[in-house]
Structures are given as structure tokens and as C-alpha cells.
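Observations on the three-dimensional arrangement
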Amino acid sequence: MPHVPATKGRRFVHWMIDRVIVIGLIFLALLVAGMIGGDAVLAWAGRLTWWQEQLIGYVAIILYYTLMEGITGTTIGKLVTGTRVVDEAGRRVRFGQALLRSASRVVPFEAFSVLLADDDDPRGWHDLWPRTRVVRRRAAAIA
């Protein structure tokens, strides 16, 4: 059965959910590090520059998406919206594809690439470069 591409609206919702989760994971990691390392860790976090904070965020995004999509083919946001990542043939993505998808997400303005994509099969740079797509979890019924 053919795969039904996820709509831009669905993709936006799972993007928002996953971003909140990544921010929460960063916060949780800093909280645990602060509990273990005490005031020294809190002082270090307080001295982070803007670019260091961005770097931490990028690393967290790459780790989250690579691990989630590389192991399960989905993320928490995609689970909520009923979508998953597949390769262009509809098979489960390989770990290397998940890593390239994740690394592509930190390219400036990449998030807008889905908004500017075709409405019938919206694919951003993070889909095109590793040759993947986001589809509904259930295949379309043939009428």
C-alpha cells in the first residue's frame, strides 16, 4: 500500500512537540549535572556565551533526532501526530540517514524549507538530502 505523506500542519505540530522535548532534556541534563556537580556546574552554566548555548542546543537536537529516528523511525512528536520517517522506498531509515537528517536540521533557515515545499508531499532539506520522507503511520486504503 502507498504511504501518505504527512501534511505541513502535522509536521509543524510534531516539530513543536519535539523542540519542547529537546529543551526539556537540556534542562533535565543541567538539573542532574547541578545536583551532581553542585555550584561549580551552576556557575559554569551561568557563564555560557550565546554561541555555547547554541552549540549545546545543536548537539542535543542531533542526538535526540538521530537516536530516536535511527532506532525507532520516529520521535515522540511523530508518535503523537501519527507519523514516521521512511526512506524513499518506504523502508525503515538507516542510522546514517537519521544522522544526516539530524545534522541537516541545524543548517540556518532549514526549518523554513518544509514551509516552502510542495503541499502534496512537503519535504524539507532534512528529507531531501538523506532521501527520506515523513509519512502517516498507517498506509492509505486503496479505494
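Refer to the preceding data block for the structure.
Here is what the cut-offs are and how they apply
- Along each chain, residues carry numbers from 1 onward, in the same order as the chain's sequence is written.
- The model is predicted, so local features are restricted to residues of pLDDT at least 70 and side-chain atom pairs to those at 80 or more, both for listing and for counting; the totals for chains, interfaces and linings are taken over all residues.
- Think of the side-chain values as coming from all heavy atoms in the structure, minus any hydrogens and water.
- For the purposes of this entry, the term helix denotes a DSSP run of H or I that reaches at least four residues, the term strand denotes a run of E that reaches at least two, and both are numbered from the N terminus.
- Burial classification: accessible surface area is computed with a 1.4 Å probe over protein chains only, and a residue below 20% of its type maximum counts as buried, one above 50% as exposed, and the rest as partly exposed.
- Here, residues are in contact when the closest pair of their heavy atoms is within 4.5 Å.
- Note on geometry: axes are C-alpha line fits, over the in-contact stretch for helices, and angles between N-to-C directions span 0 to 180 degrees.
- When the near helix sits turned anticlockwise from the far one by under a right angle, the crossing is termed left-handed; a clockwise turn instead gives a right-handed crossing.
- Residues are grouped as follows: nonpolar covers Ala, Val, Leu, Ile, Met, Phe, Trp, Tyr, Cys and Pro; charged covers Asp, Glu, Lys and Arg; every other residue, Gly included, is treated as polar.
- Roughly parallel here means an angle under 35 degrees, roughly antiparallel means over 145, roughly perpendicular means 65 to 115, and every remaining angle is called oblique.

1. Considerations on the side chain of Thr81
Structurally, the position occupied by Thr81 is in helix α4 (residues 76-81). When its relative accessible area of 7% is taken as the criterion, Thr81 is described as buried. Apart from the residues within four sequence positions on either side, Thr81 is in contact with Arg10, Val13 and His14.

2. Some words on the packing of helix α1 (residues 8-37) against helix α3 (residues 50-72)
Put simply, α1 and α3 touch, their axes get as near as 10 Å, and they point 115° apart. For the crossing formed where α1 meets α3, the hand is right-handed. Judged by residue contacts, Trp15, Asp18, Arg19, Ile21, Val22, Leu25 and Ile26 of α1 engage Ile56, Gly57, Ala60, Ile61, Tyr64 and Tyr65 from α3. In terms of residue class, the contact of α1 with α3 is built from ten nonpolar, one polar and two charged.

3. Thoughts on the packing of α1 against helix α2 (residues 39-46)
Any two packed helices are characterised by the angle at which their axes cross and by the distance between the axes. Viewed as axis vectors pointing N to C, α1 and α2 meet at an angle of 135°, and their least axial separation amounts to 6 Å. Between α1 and α2, the angle is such that the two are oblique. On α2, the residues touching Leu30, Ala33, Gly34 and Gly37 of α1 are Asp39, Ala40, Val41, Leu42, Trp44 and Ala45. Taken together, the residues of the contact of α1 with α2 sort by class into seven nonpolar, two polar and one charged.

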